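# Chains, contacts and geometry: an overview
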Amino acid sequence: MLARTLASRAGPRLTPPLAGLLYRGYAPPPSAAAASDDLVIDEDPPSATTPAAAATTMAATVPTVLQPRVLIYDGVCHLCHRGVKWVIRADKHAKIKFCCVQSKAAEPYLRLVGMDREDVLRRVLFVEGPDAYYEGSTAALKVASYLPLPYSVLSSLLIVPTPLRDALYDYIAKNRYDWFGKDDECIATKDKDILERFIDREEILGGGPDTSFF
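Residues numbered from 1 in each chain as written. Predicted model: local features only at pLDDT ≥ 70, side-chain atom pairs only at ≥ 80, totals over all residues. Heavy atoms only, no water.

In the nomenclature of an unreviewed UniProt entry, the protein chain is known as Thiol-disulfide oxidoreductase DCC of Digitaria exilis.

## Let's talk about the sheet that holds strand 6 (residues 132-135)
Taken in spatial order, the 4 strands make up an open sheet running 4-3-5-6, and their pairing is mixed. The open sheet terminates on both sides in strands that have one partner only, identified here as strand 4 (97-100) and strand 6. Going from strand to strand, the sheet's axes swing by 20° on average, the running direction of each strand aside. Here strand 5 (residues 125-129) runs beside strand 6; their pairing, made up of 4 bridges, is antiparallel. The residue bridging V127 from the neighbouring strand is Y133, located in strand 6. (Pairing = 2+ DSSP bridges. Helix = DSSP H or I, 4+ residues; strand = E, 2+ residues; numbered from the N terminus. Axes fitted to C-alpha atoms, helices over the stretch in contact; angles between N-to-C directions.)

## Re the pairing of strand 6
Remember that side chains alternate between the two faces of the sheet whenever the strand is regular. Of the two faces of strand 6, the one holding A132 and Y134 and the one holding Y133 and E135 are both buried throughout. Counting the residues in the hairpin turn of strand 5 and strand 6 gives 2 residues. (Buried < 20%, exposed > 50% of the residue type's maximum accessible area, 1.4 Å probe, protein only.)

## Overview of the side chain of D74
Within the element layout of this structure, D74 appears in the loop between strand 3 (70-73) and helix 3 (78-90). Judged by relative accessible area, D74 falls into the buried class, the value being 2%. Within polar-contact distance, the side chain of D74 engages the side chain of Y177 at 2.3 Å. Apart from the residues lying within four places of it in its own chain, the contact partners of D74 are C80, V101, Q102, L121, R176 and Y177. (Polar contact = N/O pair within 3.5 Å; in protein donor to acceptor, adjacent residues only side chain to side chain. Contact = heavy atoms within 4.5 Å.)

## Details of the pattern of salt bridges
Within this structure, the stated rule accounts for 9 salt bridges. Among the salt bridges present, the one from D74 reaches R176, with a minimum N-O distance of 2.8 Å. Here R176 lies in helix 7 (residues 162-180) and D74 lies in the loop between strand 3 and helix 3, a separation of 102 residues in the sequence. Owing to a relative accessible area of 8%, R176 belongs among the buried residues under this scheme. Among the salt bridges present, the one from E107 reaches R117, with a minimum N-O distance of 3.4 Å. Of the two residues, E107 sits in helix 4 (residues 107-113) while R117 sits in helix 5 (residues 117-122), which places them 10 residues apart along the sequence. Judged by relative accessible area, which is 28%, E107 ranks as partly exposed. When its relative accessible area of 29% is taken as the criterion, R117 is described as partly exposed. Here the salt bridges do not stand alone but share partners, grouping R123, D166 and D170 into one network. (Salt bridge = Lys/Arg side-chain N within 4 Å of Asp/Glu carboxyl O.)

Structure representation (structure tokens):
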């Protein structure tokens, strides 16, 4: 089941997009190229009325393949980018992947969890798997739980009540542009040595959406 597992909520809740996905279910990976832990969403294809539409329908039957453990964040925020670089340095086993919320590569993930870009601009999003995603301080601490020691110890802060953690998180997030600044485009374009960890790297480099992921 696709359920929202935010600690700040009383229990799991299915948004309309998630309910639709649950009704259709998940399809197995279309080929061996898809990793065993990838998320595969079988989208409803449009109806075909012309040869051109038929070709479109055939293309639409190809499942959308998403990757797990993706942190979607504000790519123009200097503070957010510093945090991402810190995680990349600490994450020696490359368990966490990244995506700028401003990119097209982020759209399937936002549809999966029933959120829009404005939601992520307020609170970072971590899509852990097909049945778990997190926002705000919980997202940041869940990312820390995948890091090696001593960094993973930070995840112990999950025992702090979510309203308290998110109050501090929201205060910093609200003022982050004034305190740390922002760019006009994803800052990762200036740090090409870290782009291997970004699922939207082809977009960042100007080559269009990275179709190897969806």
